[in-house]
Amino acid sequence: TCVASSSPATPCCPALCECSEPAKTVKCVNRNLTAVPPDLPPYVRSLFITGNPLTDLPAGAFPAQRLPDLASLNLSGNHLRAVEAGALALPALRQLDLSGNALVSFSPQAFGEGGSPLEELALRGALRDHGVLLSLAALLQSGALRNLSRLELADNGLLLLPAGMFTALPALRQLDLSNNSLVGLRNVSFQGLGQLQSLNLSDNSLGVLWNSTLAQFRSLPALRHIILGHNTWVCDCAIEDLVAWLKESDQVEGKEALTCASPDRMLGKALLKINSSDLNCSVPIDLPSQLQTSYVFLGIVLALIGAIFLLVLYLNRKGIKKWMHNIRDACRDHMEGYHYRYEINADPRLTNLSSNSDV
């Protein structure tokens, strides 16, 4: 049902929404909606459907023919779980906010079969399910969002990102990965993001950034705003490359505030103030000392084994002596018997005598 308008030529407004034709805006906020209103006015450019028990976006939820000018769509704070294929196939859509939903299913064809003009996508707190993260990665990798310039993936508890997730986003300028639980970026490729200007990695669980990642940062000409605050930097030998990069790079915002989280002796120390002597990572000195310690330990073990062996021999010396006498007597009896048979075989007369006596 629509709210009657004063002019028959003016499209009506859904009963549970507020409409402004001059502003081209429709707001359906906290109205207990369980489905997208089917009678949205065609003039709408900015649509807010937030704070509703909306659980599913089926195909055709926003008919492209009826909403040809819809450019900004805010669906945050609902109870959305599924975004089906074709649900967001809008020809003019530039901004989409799905933050604050508990998504479980996100079809890689959600924006239709062809490419989408979408430029900004906000998914703050909407990707808690690992399966939907993989679906989003498939969507991004398909090239359907090649016009995307801003991607917000904050507050999702992400541990690792699917490999190659950002490789088909050549227009991306802002990437927000803050307030997750990322432990590393080794499988993440930033290659091809030639337009990337801002990368937010704050409030994660990063312990180190490896040379391969730092090399990618150096290779991105537009990247001038990298935010790394509030991570759990582990200040051991592996952090040397990161420290060297921080000292020579102008890409990191607030790098003076970055501090060590472990080990205890380095807790709170500024990364920019770390020297090689603080880490004790010199291989030419360290390695021989480790080998020397290993050799000393091996010598002690062998000496202990030898001492135990000699002690056993000493305690059993009488038994060993008796055993050696028995061996000697047995060998002597055996040799005498062998010598006797040899003499008989060597003398023909003794051989015949022996044969006759046998008979």
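The name that an unreviewed UniProt entry assigns to the protein chain is TPBG protein, with the source organism given as Origma solitaria.

J.: When you look at the overall build of the protein chain in this model, what are you seeing that I'm missing?
T.: The helix and strand tally for the protein chain stands at 7 helices and 18 strands. Expressed as a percentage of its 359 residues, the buried residues of the protein chain come to 37%. When the accessible area of the protein chain is evaluated, it comes to approximately 19600 Å², of which 57% is carbon and sulfur surface.

J.: How do you make sense of the side chain of N78 when you look at a structure like this?
T.: Considering the arrangement of structural elements, one finds N78 in the loop between β7 (72-74) and β8 (82-83). In this structure the side chain of N78 is engaged in a polar contact, spanning 2.9 Å, whose partner is the backbone oxygen of L75. Ignoring any residue separated from it by four or fewer positions in sequence, one finds N78 in contact with I49, T50, G51, N52, L54, G100 and N101.

J.: So what exactly am I meant to see when it comes to the state of the cysteines here?
T.: Cysteine pairs can be covalently joined through their sulfur atoms, and such a bond is termed a disulfide. Applying the stated rule across the entire model yields 3 disulfides. Between the sulfur of C13 and that of C19 lies a disulfide, 1.8 Å long from S to S. Measuring the twist about the S-S bond at about 75°, one finds the C13-C19 disulfide to be right-handed.

J.: Mind showing me how you'd approach the pattern of salt bridges here?
T.: Close approach of charged atoms lets side chains of opposite charge pair. Scanning the entire structure with this criterion turns up 7 salt bridges. When the shortest N-O distance is used, the salt bridge between R124 and E152 registers 2.5 Å. Of this pair, R124 sits in the loop between β11 (120-122) and α1 (130-141) while E152 sits in strand β12 (residues 150-152), placing them 28 residues apart in sequence. A relative accessible area of 9% means that E152 is categorised as buried. Members of the salt-bridge network, linked through shared partners, are R124, R150, E152, D155 and D176.

J.: Would you take a moment to explain the UniProt feature "transmembrane region" (unreviewed entry) in the protein chain for this structure?
T.: Following the UniProt record, one finds the feature "transmembrane region" (unreviewed entry) at residues 295-315. Between the first and last C-alpha atoms of residues 295-315 the distance is 30 Å; the span itself is 100% helix and 0% strand.

J.: Help me out: how do you make sense of the sheet that holds strand β17 (residues 252-253) in this one?
T.: Sheets are built from strands paired through backbone hydrogen bonds, the pairs being either parallel or antiparallel. The strand order across the open sheet formed by 11 strands is β3-β4-β5-β7-β9-β11-β12-β13-β14-β15-β17, and the pairing between neighbours is mixed. Two strands close off the open sheet at either side, each with one partner strand: β3 (18-20) and β17. Pairing of strand β14 (residues 198-200) with strand β15 (residues 225-227), which is carried by 3 bridges, proceeds in the parallel orientation. By the bridge assignment, L199 is partnered in β15 with I226.

J.: Is there a simple way to think about the sheet that holds strand β6 (residues 56-57) in this case?
T.: In spatial order, the strands read β6-β8-β10; together these 3 strands make up an open sheet with parallel pairing. Of all strands in the sheet, those bounded by a partner on one side alone are β6 and β10 (105-106).

J.: Would you explain the packing of helix α2 (residues 211-219) against helix α3 (residues 240-248) in this entry?
T.: The description of two packed helices rests on the angle between their axes and on the distance between the axes. The interhelical angle for the contact between α2 and α3, taken along N-to-C directions, is 20°, at an axis separation of 10 Å. Relative to α3, the element α2 lies roughly parallel. The handedness of the crossing between α2 and α3 is left-handed. Contact residues: N211, L214, F217 and R218 in α2; D241, L242, W245 and E248 in α3.

J.: Help me out: how do you make sense of α1 in this one?
T.: One turn of an α-helix holds 3.6 residues; hence residues three or four places apart share an orientation. Relative to the 16 Å expected for 12 residues at 1.5 Å per residue, α1 spans 17 Å between its end C-alpha atoms, a close match to the ideal helical length. Taken residue by residue, α1 has V132, L133, L136, A137, L139 and L140 as its buried positions. Burial along α1 is one-sided: seen end-on, the buried residues are contained in an arc of 160°. Lining the buried residues of α1 we find β10, β11 and β12. Positive phi appears at G143, one or two residues downstream of α1, with a value of about 85°.

J.: Please clarify how α2 should be interpreted in this entry.
T.: Residues T213, L214, Q216 and F217 constitute the buried set of α2. Take α2 and look down its axis: the buried residues cluster within an arc of 155°, on one side only. Each element contacted by the buried residues of α2 is listed here: β14, β15 and α3.

J.: For this particular structure, what's the right way to read the confidence of the model for the protein chain?
T.: Regions with low pLDDT carry predicted coordinates that are not meant to be interpreted in detail. Averaged over the protein chain, the pLDDT score is 88; the fraction of residues at 70 or greater is 87%. Segment residues 4-8 is flagged for pLDDT under 50; beyond a separation of four residues in sequence, or across chains, it makes 2 contacts in the model.

J.: Can you help me understand the packing of aromatic side chains in this one?
T.: One pair of aromatic rings is described through two measures. These are the centre distance and the angle between the planes. In this structure the tally under the stated criterion is 4 aromatic pairs. Relative to F190, the ring of F166 lies with its centre 6.5 Å away and its plane at 20°, an arrangement referred to as stacked. A residue pair is termed long-range when its members are at least 10 positions apart, and F166 in the loop between β12 and β13 (174-176) and F190 in the loop between β13 and β14 qualify at 24 residues. The class for F166 is buried, based on a relative accessible area of 0%. Overall, F190 belongs to the buried group, its relative accessible area being 1%. Each member of the aromatic cluster is reached from another via a ring pair, and the members are F166, F190, F217 and W245. Its end group placed over the ring of F48, K27 keeps NZ or CZ at 5.7 Å from the ring centre. When the ring centre of W210 is taken as origin, the NZ or CZ atom of R186, which lies over that ring, is 4.2 Å away.

Criteria and cut-off values
Residues numbered from 1 in each chain as written. Predicted model: local features only at pLDDT ≥ 70, side-chain atom pairs only at ≥ 80, totals over all residues. Heavy atoms only, no water. Helix = DSSP H or I, 4+ residues; strand = E, 2+ residues; numbered from the N terminus. Buried < 20%, exposed > 50% of the residue type's maximum accessible area, 1.4 Å probe, protein only. Areas by Shrake-Rupley, 256 points an atom, 1.4 Å probe, with all protein chains shown as cover. Polar contact = N/O pair within 3.5 Å; in protein donor to acceptor, adjacent residues only side chain to side chain. Contact = heavy atoms within 4.5 Å. Disulfide = S-S within 2.5 Å. Salt bridge = Lys/Arg side-chain N within 4 Å of Asp/Glu carboxyl O. UniProt positions renumbered as here; feature names shortened; annotations may be inferred. Pairing = 2+ DSSP bridges. Axes fitted to C-alpha atoms, helices over the stretch in contact; angles between N-to-C directions. Parallel < 35°, antiparallel > 145°, perpendicular 65-115°, else oblique. Left-handed = near helix turned anticlockwise from the far one by under 90°. Expected span 1.5 Å × (residues − 1). Arc of directions from axis to C-beta. pLDDT = per-residue confidence, 0-100. Phe/Tyr/Trp six-rings, centres within 6.5 Å; stacked < 30°, edge-to-face > 60°. Lys NZ or Arg CZ within 6 Å of the ring centre and 35° of its normal.

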